[in-house]
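Structural features, examined
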Amino acid sequence: MEAEGLDWLLVPLHQLVSWGAAAAMVFGGVVPYVPQYRDIRRTQNADGFSTYVCLVLLVANILRILFWFGRRFESPLLWQSAIMILTMLLMLKLCTEVRVANELNARRRSFADFDPHHFWQWSSFSDYVQCVLAFTGVAGYVTYLSIDSALFVETLGFLAVLTEAMLGVPQLYRNHRHQSTEGMSIKMVLMWTSGDAFKTAYFLLKGAPLQFSVCGLLQVLVDLAILGQAYAFARHPQKPVPHAVHPAGTKAL
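Since the structure is predicted, the reported quantities are computational estimates derived from the model, not experimental observations.

1. A short note on the overall build of the protein chain
The secondary structure content of the protein chain amounts to ten helices and zero strands. Reading the secondary structure of the protein chain in the N-to-C direction produces α-α-α-α-α-α-α-α-α-α. Across the 253 residues of the protein chain, 40% fall into the buried class. Sequence separation of 24 or more characterises 76% of the internal contacts of the protein chain that already satisfy a separation of 6 or more. Summed over its atoms, the accessible surface of the protein chain is roughly 14,500 Å², and 69% of this surface lies on carbon and sulfur atoms.

2. Quick look at the environment of Ser110
Considering the arrangement of structural elements, one finds Ser110 in the loop between helix H5 (75-102) and helix H6 (125-146). On the accessibility criterion, Ser110 (22% relative accessible area) is partly exposed. For the pair Ser110 and Ser124, spaced 14 residues apart in sequence, the C-alpha separation works out to 7.0 Å. With residues up to four places along the chain from it excluded, the contact list for Ser110 reads Trp122 and Asp127.

3. So, the side chain of Asp196
Among the structural elements, Asp196 can be located in helix H9 (residues 186-205). For Asp196, a relative accessible area of 9% translates into the label buried. Look past the residues within four positions of Asp196 in its chain and what remains in contact with it is Gln219, Val220 and Asp223.

4. Quick notes on the environment of Val34
Counting through the fold element by element, Val34 comes out in helix H3 (residues 33-43). In this structure the C-alpha to C-alpha distance between Val34 and Ser185, which are 151 residues apart in sequence, comes to 9.8 Å.

5. Section: the UniProt feature "transmembrane region" (unreviewed entry) in the protein chain
In the numbering adopted here, UniProt assigns the feature "transmembrane region" (unreviewed entry) to residues 16-37, 49-71, 77-98 and 119-144. As a span, residues 49-71 carries 83% helix and 0% strand, and end to end its C-alpha atoms are 34 Å apart. Helix makes up 77% of residues 119-144 and strand makes up 0%, while its end C-alpha atoms are separated by 27 Å.

6. Quick word on the confidence of the model for the protein chain
With 83% of its residues at a pLDDT of 70 or more, the protein chain has an overall mean of 80. Element-level pLDDT for the protein chain is lowest in helix H1 (residues 2-5), with a mean of 54, against a maximum mean of 95 in H6. Contacts from residues 241-253, a stretch scored under 50 in pLDDT, to residues over four places away or in other chains number 35 contacts.

7. Some details on the packing of H3 against H5
A pair of packed helices is characterised by two quantities: the angle between their axes and the separation of those axes. Across the interface, H3 lies against H5 with an axial gap of 10 Å and an inter-helix angle of 20°. The angle between H3 and H5 falls in the class roughly parallel. Seen from above, H3 lies across H5 with left-handed handedness. Between H3 and H5, the contacting residues are Tyr33, Gln36, Tyr37, Ile40 and Arg41 on the first element and Met84, Thr87, Met88, Leu90, Met91, Leu94, Cys95 and Val98 on the second. Its residues assigned to classes, the contact of H3 with H5 shows ten nonpolar, two polar and one charged.

8. Considering a nonpolar patch on the surface
A surface patch of nonpolar side chains, about 450 Å² in accessible area, is lined by Leu13, Leu16, Val17 and Trp19. Topologically, Leu13 is positioned in helix H2 (residues 7-27). Residue classification places Leu13 among the partly exposed residues on the basis of a relative accessible area of 44%.

9. A look at the environment of Gln130
Along the chain, Gln130 turns up in helix H6. Separated by 18 residues in the primary sequence, Gln130 and Ala112 place their C-alpha atoms 9.1 Å from one another.

10. Let's talk about the nonpolar core
The biggest cluster of nonpolar side chains holds 45 residues, and the ones touching the most others in it are Tyr33, Ile40, Phe49, Leu58, Met88, Trp120 and Trp192. Mapped by element, the contributors of at least two residues to this core are H3, helix H4 (52-70), H5, H6, helix H7 (150-165), H9 and helix H10 (210-235). Tallying contributions element by element places H4 first for this core, with twelve residues. Built from parts of two domains, this core gets at least three residues from each of domain 1 (1-149) and domain 2 (167-236). Residues within four places of Met88 in sequence aside, it is in contact with Tyr33, Cys54, Leu57 and Leu58.

Parameters and conventions
- Residues numbered from 1 in each chain as written.
- Predicted model: local features only at pLDDT ≥ 70, side-chain atom pairs only at ≥ 80, totals over all residues.
- Heavy atoms only, no water.
- Helix = DSSP H or I, 4+ residues; strand = E, 2+ residues; numbered from the N terminus.
- Buried < 20%, exposed > 50% of the residue type's maximum accessible area, 1.4 Å probe, protein only.
- Contact = heavy atoms within 4.5 Å.
- Areas by Shrake-Rupley, 256 points an atom, 1.4 Å probe, with all protein chains shown as cover.
- UniProt positions renumbered as here; feature names shortened; annotations may be inferred.
- pLDDT = per-residue confidence, 0-100.
- Axes fitted to C-alpha atoms, helices over the stretch in contact; angles between N-to-C directions.
- Parallel < 35°, antiparallel > 145°, perpendicular 65-115°, else oblique.
- Left-handed = near helix turned anticlockwise from the far one by under 90°.
- Nonpolar A, V, L, I, M, F, W, Y, C, P; charged D, E, K, R; others polar.
- Patch = residues over 30% accessible without salt bridge, like charges linked within 9 Å, V, L, I, M, F, W, Y side chains within 5 Å.
- Salt bridge = Lys/Arg side-chain N within 4 Å of Asp/Glu carboxyl O.
- Core = buried A, V, L, I, M, F, W, Y, C linked by side-chain atoms within 4.5 Å.
- Domains from an automatic or database assignment.

This is the structure we're talking about:
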């Protein structure tokens, strides 16, 4: 009887928790990029952030949205992908503007050049938008033709998860290449690590498909490797990366 008497409190409380969890799922993924965005705007230097992180997340979330058409999943995850795509476009816009302002004498490059050696190193934000739209169009058309194939749909979902698992790899490589984590937001990586650890624990406890747990563990390992780089390079600092004028080749990552 007591349990029934508490229904008036437990039911709305459960609903409130569900709404809070959904909101955290939708917006929680973009929170780590807030301090990085603010740091770039404040310093007018985007060298510490790899724009290939944006590429990885754009591809992963576009594939996840296409996967939804073949196998429906929770709406918060769908909205999370849409919010993440908008966030990555904002990050790309800021990084491109800052980089172009610092490279006054650099040769202008565009998506229409179709130069694989300078892929994702363009001089205008509109070129990145064109690339994203082209990828979305091609991937969407292939998905439309193959939507009735269960194997294709499951493979599409696996690719989306696996691509997201590679999120930290561009940042890891960029740090290794420059032997420095200068300009990288430690807060961002700490938020990556905590979020990925929580997500992986959720997958394991809920008995999610094996590929989800494996990809989650891989993300955590990459996050820890980046934190290890920050610790190692802080103890043994290298010559700082110049900010004034950057050769075009050093801007890949």
